[in-house]
Amino acid sequence: MSKSDSYEDIVKTRREENFAEFQDEDHGFMHRVQHTLHVTPALVPLIVLVISIIVFGALLGSRFFSPFALTLILQQVQIVGIVAAAQSLIILTAGIDLSVGAITVISSVVMGQMTFRYGIPPAISIVIGLAFGTLCGALNGLLISRMKLPPFIVTLGTWQIILASNYLYSRNETIRAQDIETTAPLLQFMGTKFQIGGAVFTFGVVFMIVLMLLMAWILRHTAWGRHVYAVGDDPEAAQLSGVNVKATIMSVYMIAGLICAFAGWALIGRLGSVSPTSAYEANIESITAVVIGGISLFGGRGSILGALFGALIVGVFTLGLRLLGADAQWTYFFIGVLIIAAVAVDQWIRKVSA
Amino acid sequence: MTTPILSAKNLVKRYGRVTALDHCDFELMPGEILAVIGDNGAGKSTLIKALSGAVVPEEGEVYLDGKRVSFTAPTDARDAGIETVYQTLAMSPALSIADNMFMGREIRKPGIMGKVFRQLDRKAMEDFARQKLSDLGLMTIQNINQTVETLSGGQRQGVAVARAAAFGSKVIILDEPTAALGVKESRRVLELIQDVRDRGIPIILISHNMPHVFELADRVHIHRLGRRLCVINPRDYSMSDAVAFMTGAKEPEPQAA
Ligand SMILES: Nc1ncnc2c1ncn2[C@@H]1O[C@H](COP(=O)(O)OP(=O)(O)OP(=O)(O)O)[C@@H](O)[C@H]1O
Ligand SMILES: [Mg+2]
């Protein structure tokens, strides 16, 4: 080595250095709040949920703040809540799925038609319906992961295709609740009610909550869950650091399809009947729940439990304002405000400094 | 003559009308530190990506231990023991240091929690990551669970280097590992490179820092216009010779190639 100057000599002797651990310095209150929210993204929607329950409870008293009314909210949001779990997974990968509502309704139609048109036992019809939903998800996944088409465009297309197929296949006929009740009650299983005190639950509600907790656990504690976040964060970096990006995206869309099919089953329980015109609002409401729940539309950030809280917030506002006798438009008004507030908070939280 | 541990013949890679690799050859000998130098855009990063499976060359062959390999994904190369620090570092900013170190090779819990429920063993991964970072003495990281986006550029580079050094068993490739590091931190990485070599693992080091290259390298591969111009022994040439070859100001003697 030639006469390069020796400015580096001083650091050539190795000194042991302190490996300071867990030494979070005090950066003042706002910074700590920001940090906490950054680490636990579901906290904001949870706080909003609790505050809105308290406010409506104070305004309406026991008409709102009762086990019956509060569990009524759960029943009203169950379909959107289940679909929001699917939507969360997809948005975590920086995608979007506009076909969730269509997959939900076509899965319920398939379950119904299998039983009533072909005389297949209800249990098998349900399995076929679940498989069909997964297949719809696989179609989305294939187009997005293999053909590299943008999720928005792909699902805009499959939304129309699936919805049209749904009307054509069902001949736009509803299967009546009484018929289902007498010949295939299993189709309505998710609507089965049970009471604990004054609280009324359905299996669909229980399914929604268990599903959310399960997905939250999987996302946090399995390699697949970490890969979902990594893919949404930066797909190129994920690929280079050893994630199979295509397979991860494919699996996410398939699981989302399966979850939507479960939502379709729960839909039969909720309505009693099989109706090809139902669940049209699930698209926009699931995205609303996800956004209010603090999951970033840019992918890779947020907690799926936030989406559950988001769905519940919408449910609380809907019921609370109705009990107050307000025009239903006020619900949409406040939901709109919440969406914008949620995105603003998301931006603020992400401006973390180390 | 010993056979190269990793070699390539006639690699070609085009990006549209840019030929990033133009019939490029490459050889890495067992136990050596091979520096790769060249101008910006010469195709160094593309070369190592072709060796690490991140880019699939249109033509040419890659050999590991004399056997033909064709990696189609970075995991293929990693499974074969080739670990790479990419110039872009390949980290997920929103995930923690430990998550990033174990991306794609996570440790699962023992027993049924790991086998059936596939639960990750966070503690084991965190302990390992903490150990590797403190071995490197590279940075004063406060919390192994902090997200990578809260680290400085240099700290991120340190984590990426620690990741490669911890898992590489056959070849370690470093694409400008000290570009963002301070003087002291660079020194640690250079020491680490020597430690790794002393463990018998050969290293490919891409760097624009001539003093570092000349201090560490056993041989220097000079890359120009998408191909290997020549390989020189740093003891036979000066830094200004190397720079002259690299920029085309001077032609190497034929036998050097
Ligand atoms: N993904 C890509 N798409 C298009 N062109 C690319 C891509 N990657 C590299 N190139 C082109 O290939 C050529 C070689 O790039 P490469 O990154 O290999 O150079 P390099 O020697 O590593 O340069 P540097 O010293 O700046 O890192 C450049 O002309 C570059 O523009
Ligand atoms: Mg480069």
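The structure presented is a predicted model; accordingly, all values stated were derived computationally and were not measured.

> When you look at the side chain of serine 108 of chain A in this model, what are you seeing that I'm missing?
All names here are of chain A. If you trace the backbone, serine 108 turns up in helix α5 (residues 100-118). Looking at serine 108, the relative accessible area reads 1%, which means it is buried. Within polar-contact distance, the side chain of serine 108 engages the backbone oxygen of valine 105 at 2.8 Å. Setting aside anything within four residues of it in sequence, one finds serine 108 in contact with Gly264, Leu267, Ile268 and Val274.

> I would appreciate a short explanation of the sheet that holds strand β4 (residues 59-64) of chain B in the present structure.
To summarise the sheet geometry, strands pair through backbone hydrogen bonds and adopt either a parallel or an antiparallel arrangement. Residues and elements named next belong to chain B. Across the sheet, four strands lie side by side as β2-β1-β4-β5; this open sheet has antiparallel pairing. The sheet is open, and its two borders are formed by β2 (18-28) and β5 (67-69), each paired with just one other strand. The mean angle between the axes of side-by-side strands here comes to 30 degrees, regardless of whether they run parallel or antiparallel. Where β4 lies against β5, three bridges are found, and the strand directions are antiparallel. Considered in β5, the bridge of tyrosine 63 is made with arginine 68.

> For this particular structure, what's the right way to read the sheet that holds strand β9 (residues 219-224) of chain B?
Residue and element names in this part refer to chain B. In space, the six strands of this open sheet follow the order β6-β7-β8-β3-β9-β10, with mixed pairing throughout. Of all strands in the sheet, those with a lone pairing partner are β6 (82-85) and β10 (227-232), marking the two edges. Neighbour-to-neighbour, the strand axes of the sheet open up by a mean angle of 20 degrees, direction not taken into account. Direction of pairing for β9 relative to β10: antiparallel, over a ladder of five bridges. Bridge assignment links isoleucine 222 to a residue of β10, and that residue is cysteine 230. Helix α7 (residues 183-198) rests against β3 (33-38), β7 (171-175) and β8 (203-206) of the sheet, and its axis sits at about 160 degrees to β8.

> Would you explain the site of ligand 1 in this entry?
All names here are of chain B. Near ligand 1 lie 14 residues; those nearest to it are Asn40, Gly41, Lys44, Ser45 and Thr46. Contact with the protein chains covers 62% of the free accessible surface of ligand 1, which is 630 Å². The element that contributes the greatest number of residues to the shell around ligand 1 is helix α1 (residues 44-52), accounting for three residues. Residue composition of the shell around ligand 1, by class: four nonpolar, seven polar and three charged.

> Please explain the domain arrangement of chain B as it appears in this structure.
When the parts of a complex come together, some accessible area is lost, and that lost area is often used as the size of the interface. Residues and elements named next belong to chain B. Here chain B is partitioned into domain 1 (6-94 + 147-256) and domain 2 (95-145). On a C-alpha basis, the centroid separation for the pair domain 1 and domain 2 is 27 Å. Taken residue by residue, the interface counts 20 residues in domain 1 and 19 residues in domain 2. Here domain 1 and domain 2 share an interface that buries about 1,700 Å² over both sides, 65% of which is from carbon and sulfur atoms. Among the residues domain 1 hides against domain 2, the three largest losses belong to Arg78, Val159 and Phe167. Together they make up 27% of the total. Our enumeration of links across domain 1 and domain 2 arrives at one salt bridge.

> How should unusual backbone geometry be read in this particular structure?
What you tend to see is this: most non-glycine residues have negative phi, and most peptide bonds are trans. All names here are of chain B. Even without glycine at this site, arginine 118 takes up a positive phi of about 55 degrees. The topology assignment puts arginine 118 in the loop between α4 (111-115) and α5 (122-136). Even without being a glycine, glutamate 176 presents a positive backbone phi close to 50 degrees. The class of glutamate 176 is buried, set by a relative accessible area of 13%.

> Honestly, the packing of aromatic side chains in this entry has me stumped. Any pointers?
Two aromatic rings are characterised by how far apart their centres lie and by the angle between their planes. Residues and elements named next belong to chain A. Applying the stated rule across the entire model yields 16 aromatic pairs over all chains. Ring plane angle 40 degrees and centroid distance 5.6 Å describe the contact between phenylalanine 194 and phenylalanine 203, whose orientation is recorded as tilted. A relative accessible area of 30% places phenylalanine 203 in the partly exposed class. Taking 5.2 Å as the distance between ring centres and 65 degrees as the angle between the ring planes, the aromatic pair formed by tryptophan 330 and phenylalanine 333 counts as edge-to-face. Note that tryptophan 330 and phenylalanine 333 are positioned in helix α15 (residues 329-350) at a spacing of three residues, about one turn of the helix. Exposure remark for phenylalanine 333: the relative accessible area of 48% places this residue in the partly exposed category. An aromatic cluster of at least three residues, connected via ring pairs, comprises Phe189, Phe194, Phe201, Phe203, Phe207, Phe262 and Trp265.

Analysis parameters
Residues numbered from 1 in each chain as written. Chains lettered and ligands numbered in written order. Predicted model: local features only at pLDDT ≥ 70, side-chain atom pairs only at ≥ 80, totals over all residues. Heavy atoms only, no water. Helix = DSSP H or I, 4+ residues; strand = E, 2+ residues; numbered from the N terminus. Buried < 20%, exposed > 50% of the residue type's maximum accessible area, 1.4 Å probe, protein only. Polar contact = N/O pair within 3.5 Å; in protein donor to acceptor, adjacent residues only side chain to side chain. Contact = heavy atoms within 4.5 Å. Pairing = 2+ DSSP bridges. Axes fitted to C-alpha atoms, helices over the stretch in contact; angles between N-to-C directions. Near = heavy atom within 4 Å. Areas by Shrake-Rupley, 256 points an atom, 1.4 Å probe, with all protein chains shown as cover. Nonpolar A, V, L, I, M, F, W, Y, C, P; charged D, E, K, R; others polar. Domains from an automatic or database assignment. Buried area = accessible area lost by both parts, 1.4 Å probe. Salt bridge = Lys/Arg side-chain N within 4 Å of Asp/Glu carboxyl O. Phe/Tyr/Trp six-rings, centres within 6.5 Å; stacked < 30°, edge-to-face > 60°.

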